[in-house]
Amino acid sequence: MTSIERLDPTDDEQFAAYHAVYAAGHAEEWDQPYTAREQRAELLQDAPHLDIRGFLARDGSGTAVGMGYIEMPQKDNLDLGYIDVVVLPEHRRQGHGTAVLARLDEVATSAGRHTLFAEVRWDVDQDGSGHTAFAEAMGFRRDLVDAHRVLTLPADLPAAPPRDGYTLVSWRGPCPEEWIDQYAHLLTLIVQEAPSGDYPLENEFFDRARVRSDEQLLVAQGRVMQVVAAVSPDGILAGHTQLVFSETDPQDAYQWDTLVLRDHRGHGLGLTLKVQAMEEAADLLGSRRHVHTFNAASNAPMIAVNEKMGYRQVGWLGEYVRTT
């Protein structure tokens with residue numbers, strides 16, 4: 001029998017059990033879980049744009065055997081709940097994952113959500129995994145496939161200075177006031193500008209308050225984000241990239257969003273932005289071993305940029321959806 005309890009992230013003992021299960025379920029090579037500090041800060045955030053809830057599963061003896069969480073956007077995609085379900089490897093195939101998923105589905109339904117969205121990984125030389133088999137058995141369908149690539153450090157990066165009249169600005173910490181509204185606009189466009197699956201995802205809501213909220217979350221998580229943005233000859237932010245470092249993960253760095261507006265493509269800005277971010281963050285990269293990035297498998301231009309920088313593919317990440 002499985003019991004499901006709502007997580008109180010301020011409860012040290014309960015959260016330790018929750019994160020231990022989560023980390024054990026993401027222990028495969030190249031599957032990098034959030035550290036305890038990162039995950040706890042995310043669960044504790046009080047943000048008007050997001051409702052996030054965690055759940056811990058125990059077996060009949062009271063042992064923590066599974067966990068799950070659901071994130072429900074409050075400003076966009078109001079029919080959607082982003083979820084993760086993890087069961088300790090030695091306790092799988094006993095109904096615990098099904099029980100956790102059922103609870104998440106109940107939460108989503110009570111909040112008026114009809115679609116669950118999950119990310120499921122498998123190795124680069126495989127067509128699927130036990131994770132994908134569970135998702136498909138639970139009625140999820142594969143909507144989009146992302147390629148997970150890794151750059152081994154130190155890296156010999158190509159020269160990619162800005163050209164055609166474009167210039168670069170960079171920052172760590174708070175976005176400069178002069179750029180914050182344009183930066184927020186860029187952040188809203190990732191969904192519509194990047195390749196997507198059949199499910200009609202809406203643009204994610206960003207304004208200056210959301211940008212500042214996310215910056216505060218990074219501090220609470222012990223993360224540092226190096227941002228580099230391209231400025232067009234007429235003074236408009238034409239694109240940006242984000243390179244993220246965690247104080248509690250000394251081995252890895254993460255390439256997050258990279259976007260160049262359609263009207264400004266064809267000037268090599270994708271490569272310029274990524275290379276410049278690496279150069280700006282050289283002091284943070286010195287002790288790291290890998291940089292991770294994910295791109296839609298169909299995003300040929302960005303994959304070409306990554307491969308030119310020396311990234312190699314190590315896995316796949318499927319975006320799975322289930323609509324009731």
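The rules behind these values
- Counting from 1, residues in each chain are numbered in the order their sequence is written.
- For a predicted model such as this one, the threshold for reporting local features is a pLDDT of at least 70, and the threshold for listing and counting side-chain atom pairs is 80 or more; totals across whole chains, interfaces and linings nevertheless cover every residue.
- Hydrogens and waters are ignored; side-chain quantities use all the structure's heavy atoms.
- Secondary structure is summarised from DSSP: a helix means a run of H or I of at least four residues, a strand means a run of E of at least two, and numbering begins at the N terminus for each.
- We take the radius of gyration over the C-alpha atoms and set the globule estimate at 2.2 Å times the residue count to the 0.38 power.
- Note on classification: 1.4 Å probe, protein chains only; a residue is buried when its accessible area is under 20% of the maximum for its type, exposed when over 50%, partly exposed between these limits.
- A 1.4 Å probe and the Shrake-Rupley method give the accessible areas. Residues count as covered only by the protein chains that appear here.
- For the purpose of charge, His is not counted, nor are the chain termini; Lys and Arg are scored as positive and Asp and Glu as negative.
- Charged groups are reduced to one reference atom each: NZ for lysine, CZ for arginine, CG for aspartic acid, CD for glutamic acid.
- A fitted line through C-alpha atoms serves as each axis, taken over the contacting stretch for helices, and the angle formed by two N-to-C directions is quoted from 0 to 180°.
- When an angle is under 35 degrees it counts as roughly parallel; over 145 it counts as roughly antiparallel; between 65 and 115 it counts as roughly perpendicular; any other value is oblique.
- Here, two residues are considered to be in contact whenever any of their heavy atoms come within 4.5 Å of each other.
- Definition of a polar contact: a pair of N or O atoms within 3.5 Å, with one able to donate and the other able to accept a hydrogen when the atoms are protein atoms, and with sequence-neighbouring residues admitted only if both atoms are side-chain atoms.
- By definition, a salt bridge exists where a carboxyl oxygen of Asp or Glu is found within 4 Å of a side-chain nitrogen of Lys or Arg.
- Should DSSP find at least two bridges between two strands, the strands are taken to pair.
- Stacked, tilted and edge-to-face pairs are distinguished by plane angle, under 30 degrees for stacked and over 60 for edge-to-face with tilted covering the rest, among Phe, Tyr and Trp rings (Trp via its six-membered ring) whose centres lie within 6.5 Å.
- Should the NZ of a Lys or the CZ of an Arg lie within 6 Å of a ring centre and within 35 degrees of the ring normal, that charge is described as sitting over the ring.
- With strands facing away from the observer, any crossover in which the path from the first strand over the helix to the second runs clockwise is taken as right-handed.

Asks: An account of the overall build of the protein chain is requested, with residue identities and associated values reported.
Replies: Helix and strand counts for the protein chain stand at 10 helices and 12 strands. The C-alpha radius of gyration of the protein chain comes to 20 Å, within 12% of the 20 Å expected for a compact globule of 324 residues. Dimensions of the protein chain along its principal axes, counting C-alpha atoms only, are 65 × 40 × 40 Å. Scored against the burial criterion, the 324 residues of the protein chain give a buried share of 51%. Accessible area for the protein chain stands at about 14700 Å²; split by element, carbon and sulfur atoms hold 50% of it. Between the centroid of the 28 positive side chains of the protein chain and the centroid of its 50 negative side chains there is a distance of 1 Å.

Asks: Run through the packing of helix α5 (residues 180-188) against helix α7 (residues 208-221), naming residues and quoting values.
Replies: The description of two helices packed together rests on the angle between their axes and the distance between the axes. Running from amino to carboxyl end, α5 crosses α7 at an angle of 85 degrees, the nearest separation of the two axes being 9 Å. With respect to each other, α5 and α7 are oriented roughly perpendicular. Across the interface between the two elements, Ile 180, Asp 181, Tyr 183, Ala 184 and Leu 187 from α5 touch Arg 208, Val 211 and Arg 212 from α7.

Asks: Residue-level account of the side chain of Thr 258, with values.
Replies: As for its position among the elements, Thr 258 is in strand β10 (residues 249-260). Looking at Thr 258, its side chain comes within polar contact range of the side chain of Gln 255, at 3.3 Å. For Thr 258, the residues in contact, after removing those within four places along its chain, are Ile 190, His 240, Thr 241, Lys 274 and Met 302.

Asks: Outline the side chain of Asp 84, supporting the account with residue identities and numerical values.
Replies: By the element assignment, Asp 84 lies in strand β4 (residues 80-87). Of the buried charged residues, Asp 84 lacks a salt bridge, with Arg 92 as the closest side chain of opposite charge at 9.3 Å. A polar contact of 3.1 Å, which involves the side chain of Asp 84, links it to the side chain of His 26. Non-local contacts of Asp 84, meaning those with residues more than four positions away in its chain, are made with Tyr 22, His 26, Met 67, Gly 68, Tyr 69 and Leu 104.

Asks: Run through the pattern of salt bridges, naming residues and quoting values.
Replies: On inspection of all chains with the given rule, the structure shows 22 salt bridges. When the shortest N-O distance is used, the salt bridge between Asp 164 and Arg 163 registers 3.3 Å. Residues joined in a network through salt bridges with shared partners are Glu 177, Asp 181, Arg 208, Arg 212 and Glu 215.

Asks: How would you summarise α5 if you had to cite specific residues and measurements?
Replies: Three or four residues apart is the spacing at which side chains of an α-helix point the same way, because the helix has 3.6 residues per turn. Within the sequence span of α5, burial applies to Ile 180, Tyr 183, Ala 184, Leu 186, Leu 187 and Thr 188. Next to the buried residues of α5 lie β7 (167-172), α6 (190-193), α7, β8 (223-231), β9 (237-246) and β10.

Asks: Could you give me a rundown of the sheet that holds strand β1 (residues 3-6), with the residues and numbers involved?
Replies: Spatial strand order, β1-β2-β3-β4-β5-β12-β6-β11-β10-β9-β8-β7: 12 strands in an open sheet with mixed pairing. Each edge of the open sheet carries a strand with a single partner, namely β1 and β7. Averaged over all pairs of adjacent strands, the angle between their axes in this sheet comes to 25 degrees, without regard to strand direction. Examined bridge by bridge, β7 and β8 share six bridges and lie antiparallel to one another. Following the sheet pairing, Trp 171 is matched in β8 by Val 227. Here helix α3 (residues 96-110) sits on the sheet in contact with β1, β2 (50-58), β3 (64-73), β4, β5 (115-123) and β12 (312-323), set at roughly 25 degrees to β3. Strand contacts of helix α4 (residues 130-137): β4, β5, β6 (141-152) and β12, with the helix running at about 155 degrees to β5, the strand carrying the most contacts.

Asks: Give me the packing of aromatic side chains: which residues, what numbers.
Replies: The description of an aromatic ring pair uses the distance of the two centres, along with the angle that the planes make with each other. Within the structure shown, the criterion is met by three aromatic pairs. Cation over ring: Arg 223 sits above Tyr 34, and NZ or CZ is 4.5 Å from the ring centre.

Asks: Before we move on, could you go through the pairing of β4 and cite the residues and values that matter?
Replies: Among the eight residues in β4, six count as buried, and that is most of the element. Pairing of β3 with β4, which is carried by six bridges, proceeds in the antiparallel orientation. Within β4, the position partnered with Gly 68 by the bridge is Val 85. From the end of β3 to the start of β4, which pair antiparallel, there are six residues, and Asn 77 there has a positive phi angle of about 45 degrees. The pairing of β4 with β5 spans four bridges and is classified as parallel. Residue pairing across strands places Gly 81 opposite Leu 116, the latter belonging to β5. A crossover connection joins β4 to the parallel β5 through α3; in handedness this β-α-β unit is right-handed.

Scope: geometric values only; no functional claims are made or implied.
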